[in-house]
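Survey of secondary and tertiary structure
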Amino acid sequence: MSNFAFLAAEFPAAHESAVAAEKHAASDPRAAVFYAGRTVEIAVKWAFRNDPGLKLPYQDNIAALLHEPTFRRAAGEAVFAKAKLVNTLRNRAVHEERRISDSDATGAVKELFHVCFWLARTYGRASKPPDGLAFDASALSRRDETLKKAFAHLKAQQAELDAKNGELTKLLADKVNLDQALKTLRAEVAAARRASEAVPT
């Protein structure tokens, strides 16, 4: 189950993007970091659109929104730091060629969880995540493990099929040899018969 299931009911756009970040964490770190940053942007913009206590800054880019004092106060320093870190990682993923590590992806998704938890606890009306909800890092590797198991199963099936094909090839070769031996035997029998018929009894 996704770490971000609690977003689905009231924050579907954030949920979709967060699940994409989670899904890519084990297989494509750059994509995971990109989606994590996108989710932060979706969440923060949602807060600015819906919370009358947040004052729009001079620009509406994510950096300006994060640093706006009313948002920073509303989110608290811990959530602000986590959102800022995810945004920094996203900028690196989008604008720099250097490798995005697996730990960057895992870290971004983990910090994203805390930002999303804050969003849902602060602004959720019908369903808020429970107090004790914690990030489950094993959810990031489940998909990867499932793919590995499926691949191993396919390899085993292919090996079995190859073995059966090998047996079939051998049987076909044996049949060809038997057919040839039978033709030779029949030819010899026919020759013997003709030779026998040629000799008067």
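This text follows the structure it describes.
In short, a report on the structure. Being a predicted model, the structure only gives us computed values, none of them experimental.

**With respect to the overall build of the chain**
Each helix and strand in the chain was counted, giving 7 helices and 0 strands. The linear arrangement of helices and strands in the chain, starting from the amino end, is α-α-α-α-α-α-α. Out of the 201 residues in the chain, the part that is buried amounts to 34%. Sequence-distant contacts in the chain: of pairs separated by 6 or more residues, those separated by 24 or more amount to 57%.

**Considering a nonpolar patch on the surface**
A surface patch of nonpolar side chains, amounting to about 260 Å² of accessible area, comprises Leu182, Leu185 and Val189. Position of Leu185 relative to the elements: it lies in helix 7 (residues 138-198). You can call Leu185 partly exposed: its relative accessible area is 46%.

**A closer look at the packing of aromatic side chains**
Counting across every chain of the model gives 11 aromatic pairs. Measuring from centroid to centroid gives 5.8 Å for Phe6 and Phe113, while their planes differ by 90°, and the two rings are edge-to-face. You can see Phe6 sitting in the segment before helix 1 (12-24) and its partner Phe113 sitting in helix 6 (residues 102-123), a full 107 residues away along the chain. Taking relative accessible area as the criterion, Phe113 reaches 1% and is therefore assigned buried.

**Comments concerning helix 1**
Helix length check: helix 1 (13 residues) gives 18 Å between terminal C-alpha atoms against 18 Å at 1.5 Å per residue, within 8%. Buried within helix 1 are the following residues: Ala14, Ser17, Ala18, Ala20, Ala21, Glu22 and His24.

Rules of the game
Residues numbered from 1 in each chain as written. Predicted model: local features only at pLDDT ≥ 70, side-chain atom pairs only at ≥ 80, totals over all residues. Heavy atoms only, no water. Helix = DSSP H or I, 4+ residues; strand = E, 2+ residues; numbered from the N terminus. Buried < 20%, exposed > 50% of the residue type's maximum accessible area, 1.4 Å probe, protein only. Contact = heavy atoms within 4.5 Å. Patch = residues over 30% accessible without salt bridge, like charges linked within 9 Å, V, L, I, M, F, W, Y side chains within 5 Å. Areas by Shrake-Rupley, 256 points an atom, 1.4 Å probe, with all protein chains shown as cover. Salt bridge = Lys/Arg side-chain N within 4 Å of Asp/Glu carboxyl O. Phe/Tyr/Trp six-rings, centres within 6.5 Å; stacked < 30°, edge-to-face > 60°. Expected span 1.5 Å × (residues − 1).

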